[in-house]
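# Architecture at a glance
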2 protein chains.
Amino acid sequence: MSKATLAEETAQAIINYIIKNELQPGDKLPTEPVFMEKLGVGRGTLREGIKLLAARNILDIRQGAGSFVSHQRGIPDDPLGLTFIEEDDNLIVDMLDVRLLFEPHVARLAATKASPEEKAAIVAQADEVERCIAEGESYVAADARFHRLIAEASGNRVFGNLTYILNTSIAKNIEITKDSQRDSNTIRYHRKIAEAIKGGHPNDAASYMNMHLQLLREFAREKMQ
Amino acid sequence: MSKATLAEETAQAIINYIIKNELQPGDKLPTEPVFMEKLGVGRGTLREGIKLLAARNILDIRQGAGSFVSHQRGIPDDPLGLTFIEEDDNLIVDMLDVRLLFEPHVARLAATKASPEEKAAIVAQADEVERCIAEGESYVAADARFHRLIAEASGNRVFGNLTYILNTSIAKNIEITKDSQRDSNTIRYHRKIAEAIKGGHPNDAASYMNMHLQLLREFAREKMQ
């Protein structure tokens, strides 16, 4: 068997181990000697397999600390293949048009289906975004997580990762376009969306999500003039 | 400068070369000696850079023939991060619910915005899917391309790749569920969608796309019983 194939088989064995043991993002893999024993492979092969999974954003390798399940959950860099699409304000509008097609629907579903734990996490994440804004920190990551939590509460297993992808693909550009008007839209509507989901009001959740994204679109559109 | 950084810089230089020279999927890169000269790097660094881009599905390396711009246009394997989501009939329904949210809208836009060349390509691709079905070949790839062409004709630069991703992410499973009922739905509605776009009828295009996907959803739902 070729070395590449062995490494790939080991990578698949690691994935199976993560699924079987229900490891969550941030969880640590067993130490090298233990893991070599469990998978029945040598150190070199194990390291090759781990490297392949790190390249796929399934694992994080932290020098000296070990390997961990990645918070990116296997979502690759540039999932939408935007490498050859020029990032400009027009692309932000295109992206918001895509998000407008499904995020209001996703918020509607979340208001119907979210568990008490999911509702609490969504409200807490809205608070976290506000804290970032109040302290002048970048809130791109916290914002993406807020939208992802809502999508994951929808009951559709594809929406969560898809929402995350659409939120982060042009994050750099969103960073550039942030301003106080944008910040106040985010605070106001995130709070309304979170409350509507918490209270179980599907139409309110959909409507506030729509308003939130339409205002972002309006800002981006005005910047293009 | 570390070897990794040099290879990454070379990869970026190759991307810039592709963009500047407007190379299209399937186009061949210059030969090694010519490209080394153009980019001002050694053979080892060039090869490292090309390997990085092959891993990102931006280039295809064909042994003995050279390197080519990939038809995958930088869209990675498993863009949606489905590695940890179990593929089952339920996931197909979740995926179709996502597609139903935006593909009818995308077809509507295409009916308004498609150029004569884009219309011709969409009609020709509907014929190609029919040919595959008639000859008993797999039509998963041809089907994905039909939906991608429509999305690319929408004028929104994100829809094209996104549609392709949603079409191909669970292609294996779609393959399993294909049957004659599914085939006749595909032939009938692809043709109607293509004709509506060609004729410039937005509501018809949206309605037929909706019917097409709802019927796929009905098949998948019945298989789950």
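Keep in mind that this is a model prediction, so the values were computed, not measured.

About the thresholds
- Residues numbered from 1 in each chain as written.
- Chains lettered and ligands numbered in written order.
- Predicted model: local features only at pLDDT ≥ 70, side-chain atom pairs only at ≥ 80, totals over all residues.
- Heavy atoms only, no water.
- Domains from an automatic or database assignment.
- Least-squares fit on C-alpha atoms with pLDDT ≥ 70 in both.
- Contact = heavy atoms within 4.5 Å.
- Buried area = accessible area lost by both parts, 1.4 Å probe.
- Salt bridge = Lys/Arg side-chain N within 4 Å of Asp/Glu carboxyl O.
- Polar contact = N/O pair within 3.5 Å; in protein donor to acceptor, adjacent residues only side chain to side chain.
- Helix = DSSP H or I, 4+ residues; strand = E, 2+ residues; numbered from the N terminus.
- Buried < 20%, exposed > 50% of the residue type's maximum accessible area, 1.4 Å probe, protein only.
- Axes fitted to C-alpha atoms, helices over the stretch in contact; angles between N-to-C directions.
- Parallel < 35°, antiparallel > 145°, perpendicular 65-115°, else oblique.
- Left-handed = near helix turned anticlockwise from the far one by under 90°.

## Overview of the domain arrangement of chain A
The domain architecture assigned to chain A consists of domain 1 (3–69) and domain 2 (82–224). Look at where the C-alpha atoms of domain 1 of chain A and domain 2 of chain A centre, and you get two points 33 Å apart.

## A look at the relation of the copies chain A and chain B
Taken as rigid bodies, chain A and chain B are interconverted by a rotation of 180° and an axial shift of 0.0 Å, the fit giving an RMSD of 0.0 Å. Put plainly, the chains are arranged around a two-fold axis. Taking C-alpha positions as reference, the residue of chain A nearest the rotation axis is Pro79 of chain A, located at 2.4 Å.

## Description of the interface of chain A and chain B
Across the contact, 37 residues belong to chain A and 37 residues belong to chain B. Both faces considered, chain A and chain B share a buried interface measuring about 3000 Å² in area, 68% of it formed by carbon and sulfur atoms. Applying the counting rule to chain A against chain B returns 2 salt bridges. Here Asp94 of chain A makes a salt bridge to Arg157 of chain B, at a shortest N to O gap of 3.5 Å. The interface formed by chain A and chain B contains 4 residue pairs in polar contact (both at pLDDT 80 or more).

## What about the side chain of Arg148 of chain B?
Residues and elements named next belong to chain B. Here Arg148 is to be found in helix α6 (residues 140–152). Judged by relative accessible area, which is 5%, Arg148 ranks as buried. Leave out the neighbours within four places in its chain, and Arg148 touches His71, Arg73, Ile75, Gly160, Asn161, Thr163 and Tyr164.

## Some words on unusual backbone geometry
Phi is positive for Asn57 of chain A, close to 60°, though the residue is something other than glycine. One can find Asn57 of chain A in the loop between α3 (43–55) and β1 (59–62).

## Concerning the packing of helix α4 (residues 89–113) of chain B against α6 of chain B
Residues and elements named next belong to chain B. The contact between α4 and α6 brings their axes to 8 Å, and the two run at 60°. For the element pair α4 / α6, the angle class is oblique. As for how α4 packs across α6, the hand of that crossing is left-handed. Only His147, Ile150 and Ala151 of α6 make contact with α4, whose side of the interface consists of Arg99, Glu103, Val106, Ala107 and Ala110.

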